[in-house]
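As a plain string of letters, each chain reads:
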Amino acid sequence: MGKLIEANYPHTTAIAFTAAGNKFELAIAVSIAAFGLASPVAFAAVIGPLVEVPILILLVGVAFRLGRRWFPASTSPEA
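Cut-offs applied
- Residues numbered from 1 in each chain as written.
- Predicted model: local features only at pLDDT ≥ 70, side-chain atom pairs only at ≥ 80, totals over all residues.
- Heavy atoms only, no water.
- Helix = DSSP H or I, 4+ residues; strand = E, 2+ residues; numbered from the N terminus.
- Rg over C-alpha atoms; globule rule 2.2 N^0.38 Å.
- Buried < 20%, exposed > 50% of the residue type's maximum accessible area, 1.4 Å probe, protein only.
- Contact = heavy atoms within 4.5 Å.
- Areas by Shrake-Rupley, 256 points an atom, 1.4 Å probe, with all protein chains shown as cover.
- Lys, Arg positive; Asp, Glu negative; His and termini not counted.
- Charge placed at Lys NZ, Arg CZ, Asp CG, Glu CD.
- Expected span 1.5 Å × (residues − 1).
- Polar contact = N/O pair within 3.5 Å; in protein donor to acceptor, adjacent residues only side chain to side chain.
- Axes fitted to C-alpha atoms, helices over the stretch in contact; angles between N-to-C directions.
- Parallel < 35°, antiparallel > 145°, perpendicular 65-115°, else oblique.
- Left-handed = near helix turned anticlockwise from the far one by under 90°.
- Nonpolar A, V, L, I, M, F, W, Y, C, P; charged D, E, K, R; others polar.
- Bend = angle between axes of the 7 residues up to and from the residue.
- pLDDT = per-residue confidence, 0-100.

In this section: the overall build of the protein chain. Secondary structure summary: the protein chain contains three helices and zero strands in total. Moving toward the C terminus, one meets the helices and strands of the protein chain in the order α-α-α. A globule of 79 residues ought to have a C-alpha radius of gyration of about 12 Å, yet the protein chain, at 17 Å, is considerably larger. Dimensions of the protein chain along its principal axes, counting C-alpha atoms only, are 50 × 20 × 15 Å. By residue count, 16% of the 79 residues in the protein chain fall in the buried class. Counting contacts in the protein chain only where the partners sit at least 6 residues apart, residues at least 24 apart contribute 63% of the total. Of the roughly 6100 Å² of accessible surface on the protein chain, a fraction of 74% belongs to carbon and sulfur atoms. Distance from the positive charge centre (5 side chains) to the negative charge centre (4 side chains) of the protein chain: 10 Å.

Across its 12 residues, helix 2 (residues 24-35) extends 16 Å between first and last C-alpha, which sits within 8% of the 16 Å expected from 1.5 Å per residue. Downstream of helix 2 by a residue or two, Gly 36 has a phi angle that is positive, lying close to 95 degrees.

Next up on the list: the side chain of Thr 13. Take Thr 13: it is sitting in helix 1 (residues 9-20). Exposure remark for Thr 13: the relative accessible area of 17% places this residue in the buried category. At a separation of 2.8 Å, a polar atom in the side chain of Thr 13 contacts the main-chain carbonyl oxygen of Tyr 9.

For the rest of this paragraph, the subject is the packing of helix 1 against helix 3 (residues 40-70). Interhelical geometry of helix 1 versus helix 3 gives an angle of 165 degrees and a closest axis separation of 11 Å. In terms of orientation, helix 1 and helix 3 fall into the roughly antiparallel class. Seen along the crossing, helix 1 lies across helix 3 with a hand that is right-handed. Here Tyr 9, Thr 13, Phe 17 and Ala 20 of helix 1 come into contact with helix 3, specifically with Glu 52, Leu 56, Leu 59, Val 60, Ala 63, Phe 64, Leu 66 and Gly 67. Taken together, the residues of the contact of helix 1 with helix 3 break down into nine nonpolar, two polar and one charged.

Between its first and last C-alpha, helix 3 extends 42 Å over 31 residues, near the 45 Å set by a 1.5 Å rise per residue. The largest bend in helix 3 amounts to roughly 25 degrees and is located at Glu 52, with the proline Pro 54 lying one to four residues further along. Residues of helix 3 that are buried: Ala 42, Ala 45, Pro 49, Glu 52, Leu 56, Ala 63 and Gly 67. On the buried face of helix 3, the contacting elements are helix 1 and helix 2.

Turning our attention to the confidence of the model for the protein chain. Chain-level statistics for the protein chain give a pLDDT mean of 79 and a share of 92% at 70 or above. For the protein chain, per-element mean pLDDT is lowest for helix 1, which scores 80, and highest for helix 3, which scores 83.

Here it is, written out as structure tokens:
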């Protein structure tokens, strides 16, 4: 999407990852308040952020590879 609008790849990628990892604390609080502490919904909301971090780390590696391939001029070697 960033390539289509000719956006800066490092900044666009940082914004995308920030947006992807946002608001999980609120989701945990709402699920516990709405369904109770012992419900499967609350359990899933707590497990979600534990899974989210390793997946986001893997996606950062994918983003670096795609950045070097699709945006060779805007990615720096030390990034």
